[in-house]
There are 2 protein chains.
Amino acid sequence: MNFEDFISGKQRWLGENGPESEFVFSSRVRVARNLADFPFPNKATAAEKREIMDRILAAVKSVPRLRRCSVFRIEDLKEIDRQLLVERYLISRELAAKKSGSAVVIDSRGVVTIMVNEEDHIRMQALLSGLRLRECWEIISQLDDELECQLGFAFSPKYGYLTACPTNVGTGIRVSAMLHLAGVIFSKQIEQVLQAVARLHLAVRGIYGEGSESFGNLFQVSNQVTLGKTEEEIIGLLEKVVRQIVETERNARKSLLKTGADLLYDRVGRAYGILSNAHVITSREAIDLLSMLRMGVDLRIVTNLEREAINELFVLTQPAHLQKANGKELDAVSRDIERGNLLRSRLIKETQ
Amino acid sequence: MNFEDFISGKQRWLGENGPESEFVFSSRVRVARNLADFPFPNKATAAEKREIMDRILAAVKSVPRLRRCSVFRIEDLKEIDRQLLVERYLISRELAAKKSGSAVVIDSRGVVTIMVNEEDHIRMQALLSGLRLRECWEIISQLDDELECQLGFAFSPKYGYLTACPTNVGTGIRVSAMLHLAGVIFSKQIEQVLQAVARLHLAVRGIYGEGSESFGNLFQVSNQVTLGKTEEEIIGLLEKVVRQIVETERNARKSLLKTGADLLYDRVGRAYGILSNAHVITSREAIDLLSMLRMGVDLRIVTNLEREAINELFVLTQPAHLQKANGKELDAVSRDIERGNLLRSRLIKETQ
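Thresholds applied
Residues numbered from 1 in each chain as written. Chains lettered and ligands numbered in written order. Predicted model: local features only at pLDDT ≥ 70, side-chain atom pairs only at ≥ 80, totals over all residues. Heavy atoms only, no water. Helix = DSSP H or I, 4+ residues; strand = E, 2+ residues; numbered from the N terminus. Rg over C-alpha atoms; globule rule 2.2 N^0.38 Å. Contact = heavy atoms within 4.5 Å. Areas by Shrake-Rupley, 256 points an atom, 1.4 Å probe, with all protein chains shown as cover. Salt bridge = Lys/Arg side-chain N within 4 Å of Asp/Glu carboxyl O. Buried < 20%, exposed > 50% of the residue type's maximum accessible area, 1.4 Å probe, protein only. Expected span 1.5 Å × (residues − 1). Arc of directions from axis to C-beta. Axes fitted to C-alpha atoms, helices over the stretch in contact; angles between N-to-C directions. Parallel < 35°, antiparallel > 145°, perpendicular 65-115°, else oblique. Left-handed = near helix turned anticlockwise from the far one by under 90°. Nonpolar A, V, L, I, M, F, W, Y, C, P; charged D, E, K, R; others polar. Pairing = 2+ DSSP bridges. Least-squares fit on C-alpha atoms with pLDDT ≥ 70 in both. Disulfide = S-S within 2.5 Å. Buried area = accessible area lost by both parts, 1.4 Å probe. Core = buried A, V, L, I, M, F, W, Y, C linked by side-chain atoms within 4.5 Å. Phe/Tyr/Trp six-rings, centres within 6.5 Å; stacked < 30°, edge-to-face > 60°. Lys NZ or Arg CZ within 6 Å of the ring centre and 35° of its normal.

## Considering the overall build of chain A
At step 1: Regarding its fold elements, chain A presents 14 helices and 10 strands.
At step 2: Here the C-alpha atoms of chain A give a radius of gyration of 21 Å, agreeing with the 20 Å that 2.2 N^0.38 yields for 352 residues.
At step 3: C-alpha extents for chain A along the principal axes are approximately 65 × 45 × 35 Å.
At step 4: Sequence separation of at least 24 residues holds for 70% of the intrachain contacts in chain A that already meet a minimum separation of 6.
At step 5: Only carbon and sulfur atoms are counted for the fraction: they give 50% of the accessible area of chain A, which is about 15100 Å².

## Points about the pattern of salt bridges
At step 1: For the structure on display, the rule yields 46 salt bridges over all chains.
At step 2: For Arg294(A), the salt bridge is made with Asp298(A), and the minimal N-O distance between the two is 3.7 Å. Of this pair, Arg294(A) and Asp298(A) both sit in helix 11 (residues 283–298), four residues apart, roughly one helical turn.
At step 3: Asp298(A) gets classed as buried once you look at its relative accessible area, which sits at 11%.
At step 4: With a closest N to O distance of 2.8 Å, Asp336(B) and Arg339(B) form a salt bridge. Placement of both Asp336(B) and Arg339(B) in helix 14 (residues 332–351) is noted, with a separation of three residues, approximately one turn of the helix.
At step 5: On the basis of relative accessible area, Asp336(B) is assigned to the buried category, the value being 15%.
At step 6: Each member of the salt-bridge network shares a partner with another, and the members are Glu249(A), Arg253(A), Arg294(A), Asp298(A) and Arg307(A).

## Things to note about helix 3 (residues 46–61) of chain B
Given 3.6 residues per helical turn, the α-helix brings residues three or four places apart onto the same face.
Residue and element names in this part refer to chain B.
At step 1: Along its 16 residues, helix 3 runs 23 Å from first to last C-alpha, staying within 8% of the 22 Å computed at 1.5 Å per residue.
At step 2: All of the buried residues in helix 3 are Ile 52, Met 53, Ile 56, Leu 57, Ala 59 and Val 60. Projected down its long axis, helix 3 carries its buried residues within an arc of 160°, all on one side.
At step 3: Lining the buried residues of helix 3 we find strand 2 (70–73), strand 3 (103–106), strand 4 (112–116), strand 5 (122–129) and helix 6 (133–151).

## A look at the packing of helix 10 (residues 261–275) of chain A against helix 11 of chain A
Residues and elements named next belong to chain A.
At step 1: Between helix 10 and helix 11, the least distance of the axes is 8 Å, while the angle of their chain directions is 125°. One finds that helix 10 runs oblique with respect to helix 11. By crossing handedness, the relation of helix 10 to helix 11 is classed as left-handed. Contacts from Leu 264, Arg 267, Val 268, Ala 271, Tyr 272, Ile 274 and Leu 275 of helix 10 reach helix 11 at Glu 285, Ala 286, Leu 289, Leu 290, Met 292, Leu 293, Met 295 and Gly 296.
At step 2: Of the residues that constitute the contact of helix 10 with helix 11, the class distribution is 12 nonpolar, one polar and two charged.

## Some remarks on the sheet that holds strand 10 (residues 218–223) of chain B
All names here are of chain B.
At step 1: The eight strands are arranged 2-3-4-5-1-8-10-9 in an open sheet whose pairing can be described as antiparallel. Two strands lie at the open edges of the sheet, namely strand 2 and strand 9 (202–206), each paired on one side alone. For this sheet, the mean inter-axis angle between neighbouring strands, taken without regard to orientation, is 20°.
At step 2: As defined by bridge partners, strand 1 (residues 24–33) adjoins strand 5 across eight bridges and the pair is classed as antiparallel. Counted as the bridge partner of Arg 30 is Gln 125 from strand 5.
At step 3: Each of strand 9 and strand 10 touches helix 8 (residues 190–199); the most contacted strand, strand 9, lies at about 145° to it.

## Some points on the relation of the copies chain A and chain B
At step 1: Least-squares fitting of chain A to chain B yields an RMSD of 0.0 Å, with the transformation described by 0.0 Å of translation along the axis and a rotation of 180°. Expressed as an axis order, the relation between the two copies is that of a two-fold axis. Closest approach to the rotation axis among the C-alpha atoms of chain A is made by Gly273(A), whose C-alpha sits 1.9 Å away.

## Topic: the state of the cysteines
Residues and elements named next belong to chain A.
At step 1: In total, this model carries zero disulfides over all chains according to the counting rule given.
At step 2: Distance from the sulfur of Cys 69, which forms no disulfide, to the nearest cysteine sulfur (Cys 149) is 18 Å.
At step 3: Residue classification places Cys 69 among the buried positions, given a relative accessible area of 17%.

## Some points on the interface of chain A and chain B
At step 1: At the junction of the two partners, chain A supplies 16 residues and chain B supplies 16 residues.
At step 2: In total, about 1300 Å² of surface goes out of reach between chain A and chain B, with carbon and sulfur atoms giving 59% of it.
At step 3: One can count two salt bridges joining chain A with chain B.
At step 4: Ionic pairing is found between Glu285(B) and Arg270(A), a salt bridge with its closest N-O pair at 2.8 Å.

## A closer look at unusual backbone geometry
Residue and element names in this part refer to chain A.
At step 1: Of note in this structure, Asn 217 is not a glycine but carries a positive phi near 55°.
At step 2: Counting through the fold element by element, Asn 217 comes out in the loop between strand 9 (202–206) and strand 10 (218–223).
At step 3: Accessibility expressed as a relative area gives 11% for Asn 217, which makes it buried.
At step 4: For Arg 300, which is not a glycine, the phi torsion comes out positive at approximately 60°.
At step 5: Inspection of the secondary structure assignment puts Arg 300 in the loop between helix 11 and helix 12 (307–316).

## Topic: the nonpolar core
At step 1: With 76 residues, the main nonpolar core has Leu275(A), Leu293(A), Leu305(A), Leu275(B), Leu293(B) and Leu305(B) as its most contacted residues.
At step 2: Apart from residues lying up to four places away in sequence, Leu275(A) is in contact with Ile281(A), Ala286(A), Leu289(A), Leu290(A), Leu293(A), Leu343(A), Arg344(A) and Leu347(A).

## Looking at the packing of aromatic side chains
At step 1: Counted under the stated rule, the structure contains 11 aromatic pairs over all chains.
At step 2: Where Phe25(A) meets Phe314(A), the ring centres are 5.2 Å apart and the plane angle is 90°; that geometry is what we call edge-to-face. Here Phe25(A) is found in strand 1 (residues 24–33), whereas its partner Phe314(A) is found in helix 12, with 289 residues between them in sequence.
At step 3: On the basis of relative accessibility, which here comes to 4%, the residue Phe25(A) falls in the buried class.
At step 4: Here the aromatic rings of Phe153(B) and Tyr161(B) are separated by 6.5 Å at their centres, their planes lie at 70°, and the arrangement is edge-to-face. Tyr161(B) carries the same exposure label as Phe153(B), and that label is buried.
At step 5: Joined through ring pairs, the aromatic side chains of Phe3(A), Phe6(A) and Phe72(A) make up one cluster.
At step 6: Lying over the aromatic face of Tyr161(B), Arg33(B) brings its terminal NZ or CZ to 3.6 Å of the ring centre.

What follows is the structure in structure tokens.
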């Protein structure tokens, strides 16, 4: 599939409603692997990186799940197209910045992504809507087995899989869930949640914005430890903690409906009113308001909109997506205007 | 007419579009007069005040314009009803606070109001939509003549009409216009305008809010000097200055449409979006947003709303009006909620 066809197609995790998707935007499992016979990417020559890439892409072809996958070499992609993939959570900013010898493989449903020659030779992820960590792991585990047969991964009997950065050594696994905690934030319980998660040695970070600042009430919870625990243990812990956070969020929303309904309806109403009438709107404001609107839809405060439409707007209002849709580069002010145009027309269309 | 019928009827200056009413909400002329044979209200006994009131009300009956007027004794009005009259600019807060011996006479069209035993025995005003200071003066001048024949006003050949407060002595006239300066404020030219007006010894004050703070971009310009100038000179000066301010405002709006259209459309759109979707809204925010929406209607940015509907909402969203409409006393939080309900239902009705 060429890039334009791929990017204009619907992405599975955006258009679907997995379990608990009111609270869990998406689940993701990724593992880091390296070919035993080559230096890590940061030590490899250009020729070595090309050979690594060729070997991985050849191996990929024989994997049944990836039969109809798309393969994009990073150097072949325009800057804007790399950013599009970043905004869809399909590749990392690090991969997008690579010059040559790097590529990305994406399966036909946008669930499995393999980054080639990012920090490690292979970073493969499965991304699904809702709370489906085990399902993600099953996909990745099978893919890992299929590729390992052909490629031979760097593995130490003592440490496990070897990776470019020691924080990934062992299982090489990063399990994460993107949570929508609008109720917890609204009722000012977020600090408690963050502290509880930190005590379990899990990492929490905002999805947008820098550092601990969060836009749109979106948080990613993930494991920090990859060594000394099995994949099942790591996934089990994440799953348990995410379920606890989900319960906290569910209860926060229930309480808000009981004791703070006026303010909740007000915030949701204003979010809808501004999103469907503003002419100039920053990415930050749009994300914050879309978050409030999403909670409004989930709580049936807003009944003429679908969650999927809002999920999609989170992505379509990002800078690269806006520029792609307009067919040209846009400065920040023009983006804010086009973002307003997009939101107004989409929300009017959706609610009619 | 009883009070309930009167207050539920439409008020002329709200429902009409006088000249320049894009920029001039209303014109007003009031004069202060006192009966020659009685002490000023602050020195009069209760019995004297009653007699003053009786004489004035008797005289009023013979004035053709006031044949179908309403007469309300302040002591007979509930607190909420006094506040309603204040919110409609028909009586002053001072009159609303009077205990006994005070009354208000309002003609059938809500144009002429006579306050009895406020600071002076008589304060009569004419209030019209748009820039119609001369027309207001003609109404008041005729009324003044008709009442003077019967009542005999305190008058000094040297000073002119005598009043309780020296600032009104002479003509006893206060000429004012309520201006909607949303464009001047938006383009940050308001300080220049205020300074220019102050140099002409005219007073400018915000309509809502205390002191120099203005809500809703509404300002009242009025004369300060009542002595040593004829009524015609005072009205001529006011008219000239108001026309200059109107030009400044008109130009400010034109420039905004040329060079700041995106931001202007944005602010107007957001005002509409919030007003028609918020569930909790303070008086201050409502007035500010209604002001922006009014400018949007005047500039044809918003095309499915009438200026009169917005003018009416300025008044209907005030505390006493909200409580009257709900048939009960409401605390501040409940008022903010009822204000949201009113605005949502009205704006949805108007734009459908």
